[in-house]
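# Summary of structural features
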Amino acid sequence: TATPLLREVLTKAGCRIVPQAKACIDVEIVDRLPNVYDYPLHGFPCEGYALDITPNKVTIKVLNGTGTIRAAQTLAQMAGEKATLEAASIEDWPAFKLRGVMHDVGRSFISFEELKHEIDLLSRFKVNTFHWHLTDDQGWRIEIKKYPRLTEIGSKRTCTQVDGWHTSHMVNEPHEGFYTQEDIREIVA
C-alpha cells in the first residue's frame, strides 16, 4: 500500500508487505460513511471507517487519513501474534472523540525511548491525545537553551518525601533528567 502510516502499523503487527501479494489492501477515501456516526469537535477529524476483509482483499473505506490509521490499528489487533485475519465486515467509530492520557514527567521522569514506546502502545488502543506535564516543583524537564541552569539544577532532585503515595517508593532516590528540544520536536511530530 502507498500509505506510509498504514504500512508501518501493519509491519509492526508482523505483516509482510510484498509487491506481488496474493491479497491486497485497498484504501478508498469516500465522501460519506452512511453507518458511521460523527459529531463536530474542533481539531478532531472523523475517525470512523468501514473495513471489509475477504480471502483475497482488505477494503478500507474512510473519510480521511485518520480513519485509515484507526482501521490499520484494528487490523493489527485482529491479526494478533499469528498475523492472520479472519473474514469480517466492520463499521467502527469512537464513542468519544477525545481519548487521552497525561504523563507527569515533572514528578516522575522517564527516558525518551521509554516515553516513545509508551506513546506507541497507547496509539495501538486509539488514544488520540497526549498531555505532557514537563515542569513542576519536583523537576524541570524541558531544555531551554537561553537558560541552561533550569536543567542543570531543576532537572535533578532527590526525593525524601514519604507522605504521598506517588513519592513513597522514591525515598532518597535520585530522580533526574530532561528532554532536549530535539526530543520534544520528535514527540510532537
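Presented here is a report on the structure given in the accompanying data block. (Residues numbered from 1 in each chain as written. Predicted model: local features only at pLDDT ≥ 70, side-chain atom pairs only at ≥ 80, totals over all residues. Heavy atoms only, no water.)

It is worth spelling out the side chain of Arg70 at this point. Tracing the chain through its elements places Arg70 in helix H2 (residues 65–79). What makes Arg70 buried here is its relative accessible area of 10%. Sequence-distant contacts of Arg70, defined by excluding residues within four places in its chain, comprise Glu47, Tyr49, Arg99, Lys126 and Asn128. (Helix = DSSP H or I, 4+ residues; strand = E, 2+ residues; numbered from the N terminus. Buried < 20%, exposed > 50% of the residue type's maximum accessible area, 1.4 Å probe, protein only. Contact = heavy atoms within 4.5 Å.)

It is worth spelling out the pattern of salt bridges at this point. With the rule as written, the count across this model stands at 11 salt bridges. Between Asp38 and Lys97 there is a salt bridge; the shortest N-O distance is 2.9 Å. You can see Asp38 sitting in the loop between strand E1 (24–29) and strand E2 (49–54) and its partner Lys97 sitting in the loop between strand E4 (88–92) and strand E5 (100–104), a full 59 residues away along the chain. Between Lys116 and Glu186 there is a salt bridge, and its shortest N-O distance comes to 2.9 Å. With Lys116 in helix H3 (residues 112–124) and Glu186 in helix H5 (residues 181–188), the pair connects residues that are 70 residues apart, well separated along the chain. Judged by relative accessible area, which is 24%, Lys116 ranks as partly exposed. Linked by salt bridges that have partners in common, Glu47, Arg70 and Arg99 make up one network. (Salt bridge = Lys/Arg side-chain N within 4 Å of Asp/Glu carboxyl O.)

What follows is about H5. Burial in H5 covers these residues: Asp183, Ile184 and Ile187. Buried positions in H5, seen along its axis, are confined to an arc of 95 degrees and lie on one side of it. Where H5 is buried, its residues contact H3 and strand E6 (129–133). (Arc of directions from axis to C-beta.)

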